[in-house]
Amino acid sequence: MRKEIFLLILVTFFCSTAIASAAPYIVVDEPELSGAVVLFGDLFQANRLERIIGQGPGVYLVDNEAKKELIKSLPGRVTALAMGDLTGNSQNDLVVGTDGAGALYYYTLNGDRWERGDEPYYLWDAIRHLEVHDLNNDGWSDVVALTDGGEVTIFLCWEGKLYPFWRSPAGEVVSNLQVFDINQDGQIDVVYALRSGYVAILTWDEQEFISFWENYPWGSIDDLLIIADQNAPEWLVITSQKMLYGWRWRNGEVVSSRHFHAAELGEHLFYIPEHGLLSFSQKTGLSLFELQSSAVKELWRLPGVYGREVFYVDSQFFFRDGDYNYYRLAPDSGEWTVLLAGRDITGSVDVLESDGEPFLNLSETAELIGFSVYQIGDWYFLKDNNYLRVGLTSGRIEYNGLVLPYTGRLLEKDGQPYGGSEFFPLFGWAFSVDSARRKLTIDRNWSWWVH
């Protein structure tokens, strides 16, 4: 019996500590979008997906490399965008949220100009998210606004004017919200979660919004999301204790669909149809999980990558961090980019990868940074009447005859020496590795003997 228990503990340990596969992607920076808010949608109802960005005080339509200004000189920085028909003219209007006083605007297209409708409404906090839907089925789209401080305001629209109608509980912080027809009755609902540990579904009932379902998960709530690509839509929350709760509408009532501990999940979750659950964790980075009935299975991981919002457009992943820096995931070719003092030397220096760690050809790199290189049994790197002697077989490294206490790895391929980040300070250079971008950077380290 003890043997069976030991084997069970051993199997559980190895299953729980299994490391996900390396990600099939690398991170590519998108510096032209820095500080921007991005909205993808069919703005002109031409069956074409377009990219609209709010950047600084303006709103722009981006088409490949072309950038057309739609709205300019807003009194504040654009922090949120949405589109929908607020004026009853059967065309999309643009809804814009800003920072500072948290002004909410909407603009309608008149000819070839976007003109502001009605007066701005102030939420007195930067607006971070906007949704536009007809929540009360009166034919006019309404607006849901979420501020940086976690307050939600629902504006009902009537004849082109916005009227604040519902606010989230005072003093509470909304972790996230989703707008969706949960019970598939044709009525759009608002699902929201409070940080303090409360999740509810808000729906329109005759002349008011009511919570037709609510729950109190154990622990504060980090995030909320909806899985819509199945027969019965499902909403999930992840708590600070890493408990995942799920519910769905079935036979006229809400039933529990999932409830399990998922320590692997991060603070921000996104469900990507046909891919799985995308998770950003401050501890482990970006991961993709397969969502199972009572567990999650990590499929791949990109360590050191953290974001706050994800876009999956045209089979490509885009994401942004909390500072509104944008990135794209590109297929990993397996090649490393090598930068020497800011100069791209990719292809000039061979890179050898071992256990996921990159090693550079030392003789090729040493010549590029001004060393003379000789092999007389061991390898000698000479500069300024000083020398570094490297014994690949013995692992012994000497500087001018003084044995150095080196504990890093040295590799050999086709008779050539290869060293990693621990070796390069011996050359007087620093070597940094950005695995997420497959980028190696070599810069001078002025603390050593080579200047």
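Residues numbered from 1 in each chain as written. Predicted model: local features only at pLDDT ≥ 70, side-chain atom pairs only at ≥ 80, totals over all residues. Heavy atoms only, no water.

Visitor: Talk me through a nonpolar patch on the surface; I want residue IDs and the actual numbers.
Guide: Residues Tyr 374, Ile 376 and Leu 382 make up a contiguous nonpolar surface patch of roughly 320 Å² in combined accessible area. Relative accessible area serves as the criterion here: at 33%, Leu 382 is assigned to the partly exposed category. (Patch = residues over 30% accessible without salt bridge, like charges linked within 9 Å, V, L, I, M, F, W, Y side chains within 5 Å. Areas by Shrake-Rupley, 256 points an atom, 1.4 Å probe, with all protein chains shown as cover. Salt bridge = Lys/Arg side-chain N within 4 Å of Asp/Glu carboxyl O. Buried < 20%, exposed > 50% of the residue type's maximum accessible area, 1.4 Å probe, protein only.)

Visitor: Break down the layout of surface pockets for me, with residues and values.
Guide: Each pocket or cavity is described by its volume, and for the second largest pocket that value is around 560 Å³. For the second largest pocket, the lining is made up of 22 residues, of which Arg 51, Val 62, Asp 63, Asn 64 and Glu 65 are closest to its centre. Those elements giving two or more residues to the lining of the second largest pocket turn out to be strand 4 (50-55), strand 5 (58-63), strand 6 (66-71) and strand 28 (316-320). (1 Å grid on protein atoms, 1.4 Å probe; cavity = no way out; pocket = protein on both sides within 12 Å on 5 of 7 lines; lining within 4 Å. Points joined across faces, edges and corners; volume = space filled by probe spheres on them. Helix = DSSP H or I, 4+ residues; strand = E, 2+ residues; numbered from the N terminus.)

Visitor: I'd love a proper account of the sheet that holds strand 36 (residues 386-390), names of residues and values included.
Guide: Strand order in the open sheet formed by five strands is 34-35-36-37-38, and the pairing between neighbours is antiparallel. Of all the strands in the sheet, the pair left with one neighbour each is strand 34 (372-376) and strand 38 (402-403). (Pairing = 2+ DSSP bridges.)

Visitor: Hey, could you go over the sheet that holds strand 16 (residues 189-194) for me, with residue numbers and the actual values?
Guide: An order of 15-16-17-18 is seen for the four strands of this open sheet, with the pairing classed as antiparallel. This sheet does not close on itself; its edge strands, each paired only once, are strand 15 (174-180) and strand 18 (208-215). Across this sheet, the average inter-strand angle for adjacent strands is 25°, counted without regard to direction. Pairing geometry for strand 16 and strand 17 (residues 198-205), over five bridges, is antiparallel. For Tyr 192, the partnering residue across the bridge sits in strand 17 and is Ala 200. (Axes fitted to C-alpha atoms, helices over the stretch in contact; angles between N-to-C directions.)

Function-wise, these values are silent; they only describe arrangement.
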